[in-house]
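Chain by chain, the residues run as shown.
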Amino acid sequence: MAPKLLTSSQLADELGVSRRSIARYVAAGILVPELYTPGGQSRFRLEDAKQQLREHSRRTRE
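Residues numbered from 1 in each chain as written. Predicted model: local features only at pLDDT ≥ 70, side-chain atom pairs only at ≥ 80, totals over all residues. Heavy atoms only, no water.

### So, the sheet that holds strand β3 (residues 42-45)
Where strands meet in a sheet, backbone hydrogen bonds hold them as pairs that are either parallel or antiparallel.
And then number 1: Read from one edge to the other, the open sheet built from 3 strands follows the order β1-β3-β2, with strand pairing classed as antiparallel. Taken across any chain shown, the strands that pair with only one partner, and hence form the sheet edges, are β1 (5-6) and β2 (35-36).
And then number 2: Sheet analysis places β2 next to β3, joined by 2 bridges and oriented antiparallel. Along β3, the bridge assignment pairs Leu 35 with Arg 43. (Pairing = 2+ DSSP bridges. Helix = DSSP H or I, 4+ residues; strand = E, 2+ residues; numbered from the N terminus.)

See below:
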């Protein structure tokens, strides 16, 4: 079974940040959504998003 795709709000809740923070991360290229719905909404896989944030954090510390 494929991992569930989360909305920006669901991802924000899982990560303990605001939905606006998720939007800023996407705009900055820190987070890349798994897909966009036909209506243009982002969908994320939780583990992929966590990995992207870990990689960004590691890069900014170097």
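### Notes on the pairing of β3
And then number 1: Bridge count between β1 and β3: 2 bridges; the pairing is antiparallel. When the bridges of β3 are listed, Leu 6 appears paired with Phe 44.
And then number 2: Hairpin connection of β2 to β3: 5 residues between the antiparallel strands, including Gly 40 at a positive phi of 90°.

### Looking at the pattern of salt bridges
And then number 1: Under the definition given, this model contains 3 salt bridges.
And then number 2: Ionic pairing is found between Glu 62 and Arg 58, a salt bridge with its closest N-O pair at 3.1 Å. (Salt bridge = Lys/Arg side-chain N within 4 Å of Asp/Glu carboxyl O.)

### Remarks on the side chain of Arg 43
And then number 1: Structurally, Arg 43 is set in strand β3.
And then number 2: Despite its burial, Arg 43 pairs with no opposite charge, the nearest such side chain being Glu 34 at 12 Å. (Buried < 20%, exposed > 50% of the residue type's maximum accessible area, 1.4 Å probe, protein only. Lys, Arg positive; Asp, Glu negative; His and termini not counted.)

### Here's the deal with the nonpolar core
And then number 1: Residues Leu 6, Leu 11, Ala 12, Ile 22, Leu 31, Phe 44, Leu 46 and Ala 49 constitute the largest nonpolar core, which totals 8 residues.
And then number 2: Only α1 (8-15) and α3 (46-61) provide two or more residues apiece to this core.
And then number 3: When sequence neighbours within four positions are dropped, the list of residues in contact with Leu 46 reads Leu 6, Leu 11, Glu 14 and Leu 15. (Core = buried A, V, L, I, M, F, W, Y, C linked by side-chain atoms within 4.5 Å. Contact = heavy atoms within 4.5 Å.)

### Quick word on the packing of α1 against α3
And then number 1: The contact between α1 and α3 brings their axes to 11 Å, and the two run at 60°. Between α1 and α3 lies a crossing whose hand is right-handed. Listed contacts from α3 to Leu 11, Glu 14 and Leu 15 of α1 are Leu 46, Ala 49, Lys 50 and Leu 53.
And then number 2: By residue class, the composition of the contact of α1 with α3 is 5 nonpolar, no polar and 2 charged. (Axes fitted to C-alpha atoms, helices over the stretch in contact; angles between N-to-C directions. Left-handed = near helix turned anticlockwise from the far one by under 90°. Nonpolar A, V, L, I, M, F, W, Y, C, P; charged D, E, K, R; others polar.)

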